[in-house]
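# Analysis of the macromolecular model
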Amino acid sequence: VSFCAPAGQMTALVGPSGAGKTTITHLVPRLYDPESGTVRIGGHDIRDVTEQSLRDTVGVVTQDAHLFHDTIRANLMYARPGATERELAEACRSALIWDMISSLPDGLNTVVGDRGYRLSGGEKQRIALARLLLKAPAVVVLDEATAHLDTESEAAIQQVLKTALAGRTSLVIAHRLSTIREADQILVVDAGRIIER
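Now for a look at the structure at hand. (Residues numbered from 1 in each chain as written. Predicted model: local features only at pLDDT ≥ 70, side-chain atom pairs only at ≥ 80, totals over all residues. Heavy atoms only, no water.)

## Topic: the sheet that holds strand S6 (residues 169-173)
We apply this condition: Two strands qualify as a pair provided DSSP detects at least 2 bridges between them. A helix here means a DSSP run of H or I that spans at least four residues, while a strand means a run of E at least two residues long, and both kinds are numbered starting from the N terminus. Angular values range over 0 to 180 degrees, each being the angle between N-to-C directions of two axes fitted as lines to C-alpha atoms, with helices fitted over their stretch in contact.
Spatial ordering of the open sheet is given by S4-S5-S6-S1-S7-S8, a layout of six strands whose pairing is mixed. The strands lining the two open edges of the sheet, one partner per strand, are strand S4 (58-61) and strand S8 (193-196). Within the sheet, the average angular offset between the axes of one strand and its neighbour, ignoring direction, is 25°. As judged from the four bridges shared by strand S1 (residues 10-14) and S6, these two strands associate in the parallel manner. Its bridge partner being in S6, Met-10 is matched across the sheet by Ser-170.

Right under this line is the structure:
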C-alpha cells in the first residue's frame, strides 16, 4: 500500500469489511509498525520521533470509542490535561453532548463505568469526538467515528467535523457516503491494496 495524504486535506478510505482500512489507520499512531516501508508525517519516519511528539500530533476516534472507568472530565482531560472548564464545555457543545452531560446530577464528574458502559454508543462517540476537539491535533484519524449516531445527529456532527478538520490532515474511514462527501481524496481499499483513487 502506498499513498500520500496531503497536509491539511481529508483522505477517505473506503472498501469492504476486512479490506485493510483499519490496519492502515493503526499504522499512523504506531499501534502497529509496518513490516516493510515507512509511515511518514511531515517527512519524518514516525519510528524516528518520540512517542510523546507522535501522541501530540495524532488524534484518533474509532467506531468503538474507548473511555476509561473514570469521570467524563477525566476522560476529556486525558487529551489536554491543562484544559479549562470553559474549553471542556466548548468542546462538549461542539460535539453535541453538553446538554446530556449538563442534565446528569454530577455533570462532568459523572463516572462513566468500565469502557463507558453507562453511556450509549452514540454518547461515547460524542465524548470521544469532544476529546478530539479539545486536543486539536494536526493529524486526525477517524475510523467509523459516527457509526453509532442516528442520521440527524450524524448530519450535525458532520458540520462540527467540517469546521474542526479545516486545515488539518485527516484520514477517514466511513461506509456512509455522507461522511466522505467532503473528502479531497478517496482511496478504495480491497484485499490490502489500493485499487482505485
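Having seen the structure, we can now continue with the description.
## Section: the packing of helix H4 (residues 85-94) against helix H6 (residues 121-135)
Just so we agree on the cut-off: Roughly parallel here means an angle under 35 degrees, roughly antiparallel means over 145, roughly perpendicular means 65 to 115, and every remaining angle is called oblique. Take the far helix as your reference; a near helix turned counterclockwise from it by less than a right angle gives a left-handed crossing, and one turned clockwise gives a right-handed crossing. Two residues qualify as a contact provided that any one of their heavy atoms is within 4.5 Å of a heavy atom in the partner residue. Note that Gly is not counted as nonpolar here; it falls among the polar residues with everything else outside the nonpolar set of Ala, Val, Leu, Ile, Met, Phe, Trp, Tyr, Cys and Pro and the charged set of Asp, Glu, Lys and Arg.
With their axes 8 Å apart at the nearest point, H4 and H6 run at an angle of 125° to one another. In this view, H4 runs oblique relative to H6, as classed from their interaxial angle. Remark: the crossing between H4 and H6 carries right-handed chirality. Here Glu-87, Leu-88, Ala-91, Cys-92 and Ser-94 of H4 lie close against H6, whose contacting residues are Ala-130, Leu-133 and Leu-134. Of the residues assigned to the contact of H4 with H6, the class counts are six nonpolar, one polar and one charged.

## Here's the deal with unusual backbone geometry
Definition in use: Relative accessibility decides the category of a residue: with a 1.4 Å probe and only protein chains considered, values under 20% of the type maximum give buried, values over 50% give exposed, and everything between is partly exposed.
You will see that Arg-30, though not glycine, has its phi angle at about 65°, which is positive. As for its position among the elements, Arg-30 is in the loop between helix H1 (21-27) and strand S2 (40-41). Even without being a glycine, Arg-115 presents a positive backbone phi close to 60°. Here Arg-115 lies in the loop between helix H5 (98-103) and H6. On the basis of relative accessible area, Arg-115 is assigned to the exposed category, the value being 56%.

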